[in-house]
Amino acid sequence: MGDVGHSSAAIITSPVRFSAPRVALVHYWLVAMRGGERVLERFLKLYPGADIFTHVYDPTKISNTLKEARIKTSFIGRMPFATRKYQYYLPLMPMALEELDLTDYDLVISSESGPAKGVVTRPDSEHVCYCHSPMRYLWDHYPQYRDHASWLVRMVMSATYPRLRQWDVSSSTRVDQFVANSNFVKQRINKVWRRDAEVVHPPVETTLFTPSLEQDDYYLWAGQMVPYKRPDIAVDAFTANGKPLLMVGVGPMLDKLKARAGANVTFVDRMDFSRLRQAYARARAFVMTAEEDFGITPVESMASGRPVVAYGRGGVLDSVIHGETGVYFDRQDAQSLSDAVEEMERFLPHFDPVSAIKRAQVFSPENFDRKIMRLVSKRGF
């Protein structure tokens with residue numbers, strides 16, 4: 001009889017479900033609309049009845065699509081100044097995640113870039129983690145974040161981050177399936193957590209971008225003026241070569257960059273979407289100086305029918321095809337970028353905008369939806 005009982009237990013691998021599964025989406029924080037939040041919107045489109053769990057929620061900073069969902073915050077959201085100073089509560093976020101009650105949910109999809117994957121789920125539920133990146137400030141970007149922090153923050157980081165890294169690794173075992181947004185992030189997941197991952201590139205609204213019949217002489221750089229984006233490389237390279245450069249963005253480096261830039265470098269703090277679309281479409285080429293986990297802007301440039309000059313590491317290797325839709329430079333310094341710009345000048349007469357547009361379409365929201373649904377269906381949902 002013991003053998004029969006053992007055999008029966010082995011056959012029953014998952015609970016029988018007679019109704020649609022209840023879905024929870026766990027996102028690190030909702031205080032802006034960036035790439036991670038656009039992915040969350042897409043998950044909500046796929047699972048319109050899902051509840052969203054997050055640490056901090058500022059309804060004035062997110063889209064109407066997200067605001068229409070049921071959003072529940074961890075206790076971090078009740079802390080003083082949480083919507084603006086949420087980073088300071090990072091040491092408390094593991095505890096906050098583990099206190100979220102997800103027992104009612106059959107499928108949990110966590111969106112990981114800050115702490116999100118560490119929730120505790122039912123033994124018979126499925127936990128899929130869509131990883132934009134393991135937390136950069138805990139791992140490979142830790143030296144840069146620490147170097148730019150105040151002395152007090154550096155002391156707190158040194159005291160708390162070793163234990164946070166231990167928690168980050170141990171909580172990775174709670175995930176049933178990792179999904180990486182690029183092959184670069186897949187490598188980082190394996191390096192940090194020793195887990196394999198499927199690659200599903202994030203959705204880019206490529207149909208919102210169109211080519212222009214008119215071209216201008218400027219190169220375009222767009223993003224936050226922060227150290228890891230390396231806007232200084234673009235400023236130094238173009239100040240030296242004299243070619244027009246349009247830099248769009250704000251951040252703590254902006255004033256220093258303006259002070260060192262030549263007259264050929266133009267700064268614009270912000271552009272509305274219509275002007276940004278035009279800037280993409282009329283630029284000679286787009287310049288990306290950062291090592292990005294994936295990088296939405298190069299895809300938007302290609303969707304606009306323009307090529308990309310990019311630092312040849314990170315997620316851009318999944319999107320830009322060297323010699324077809326852009327060119328790479330191999331060192332994060334002004335000379336290497338300048339050499340790549342000269343290579344771009346030789347490449348431009350042979351560039352085909354149609355090939356760039358076709359390449360961008362690979363990253364459409366519809367392709368994202370199809371791949372996610374195929375992957376989740378393999379998990380029994």
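Structure: above.
Residues numbered from 1 in each chain as written. Predicted model: local features only at pLDDT ≥ 70, side-chain atom pairs only at ≥ 80, totals over all residues. Heavy atoms only, no water.

Q: Describe the overall build of the protein, naming the residues involved and giving the relevant values.
A: In terms of regular secondary structure, the protein is built from 16 helices and 13 strands. Its C-alpha radius of gyration of 22 Å places the protein within 12% of the 21 Å reference for a compact globule of 381 residues. Each principal axis of the C-alpha atoms in the protein carries an extent, and together these give about 80 × 50 × 40 Å. Going through the 381 residues of the protein one by one, you find that 53% of them count as buried. (Helix = DSSP H or I, 4+ residues; strand = E, 2+ residues; numbered from the N terminus. Rg over C-alpha atoms; globule rule 2.2 N^0.38 Å. Buried < 20%, exposed > 50% of the residue type's maximum accessible area, 1.4 Å probe, protein only.)

Q: Now, about the pattern of salt bridges: what can you tell me, with residues and values included?
A: If you walk through the whole model with that rule in mind, you get 28 salt bridges. One network of salt bridges, in which partners are shared, links Arg22, Asp51, Arg70, Lys72 and Asp104. (Salt bridge = Lys/Arg side-chain N within 4 Å of Asp/Glu carboxyl O.)

Q: Describe the packing of helix H9 (residues 231-241) against helix H14 (residues 334-347), with residues and values.
A: Here H9 crosses H14 at 60°, and the two axes come no closer than 8 Å. In terms of orientation, H9 and H14 fall into the oblique class. Pair H9 / H14 crosses with right-handed handedness. The segment H9 lies against H14, with Ile233, Ala234, Asp236, Ala237, Phe238 and Asn241 engaging Ala334, Leu337, Ser338 and Val341. The residue inventory of the contact of H9 with H14, partitioned by class, reads seven nonpolar, two polar and one charged. (Axes fitted to C-alpha atoms, helices over the stretch in contact; angles between N-to-C directions. Parallel < 35°, antiparallel > 145°, perpendicular 65-115°, else oblique. Left-handed = near helix turned anticlockwise from the far one by under 90°. Contact = heavy atoms within 4.5 Å. Nonpolar A, V, L, I, M, F, W, Y, C, P; charged D, E, K, R; others polar.)

Q: Give a detailed account of a nonpolar patch on the surface, specifying residues and quantitative values.
A: Together, Trp151, Leu152, Met155 and Val156 line one region of the surface with nonpolar side chains, adding up to about 450 Å² of accessible area. What makes Trp151 exposed here is its relative accessible area of 58%. (Patch = residues over 30% accessible without salt bridge, like charges linked within 9 Å, V, L, I, M, F, W, Y side chains within 5 Å. Areas by Shrake-Rupley, 256 points an atom, 1.4 Å probe, with all protein chains shown as cover.)

Q: Tell me about the sheet that holds strand S3 (residues 70-73), and name the residues and values.
A: The strand order S3-S2-S1-S4-S5-S6-S7 describes an open sheet built from seven strands, whose pairing is parallel. Each of the sheet's edge strands pairs with one partner strand only, and the pair in question is S3 and strand S7 (198-199). Against the sheet, helix H2 (residues 35-46) touches strand S1 (23-27), strand S2 (51-54), strand S4 (107-112) and strand S5 (126-131), its axis set at about 175° to S1. (Pairing = 2+ DSSP bridges.)

Q: Just give me the short version of the sheet that holds strand S10 (residues 265-268), but keep the residues and values in it.
A: With respect to topology, six strands assemble into an open sheet ordered S10-S9-S8-S11-S12-S13, the strand pairing being parallel. Two strands close off the open sheet at either side, each with one partner strand: S10 and strand S13 (326-329). For this sheet, the mean inter-axis angle between neighbouring strands, taken without regard to orientation, is 20°. Here strand S8 (residues 219-222) runs beside strand S11 (residues 285-288); their pairing, made up of two bridges, is parallel. Bridge pairing links Leu220 to Phe286 in S11. Contacts between helix H12 (residues 296-303) and the sheet are confined to S8, S11 and strand S12 (308-311), with S11 contributing the most and set at about 175° to the helix. Each of S8, S11, S12 and S13 is contacted by H14, which is oriented at about 160° to S13, the strand it contacts most.

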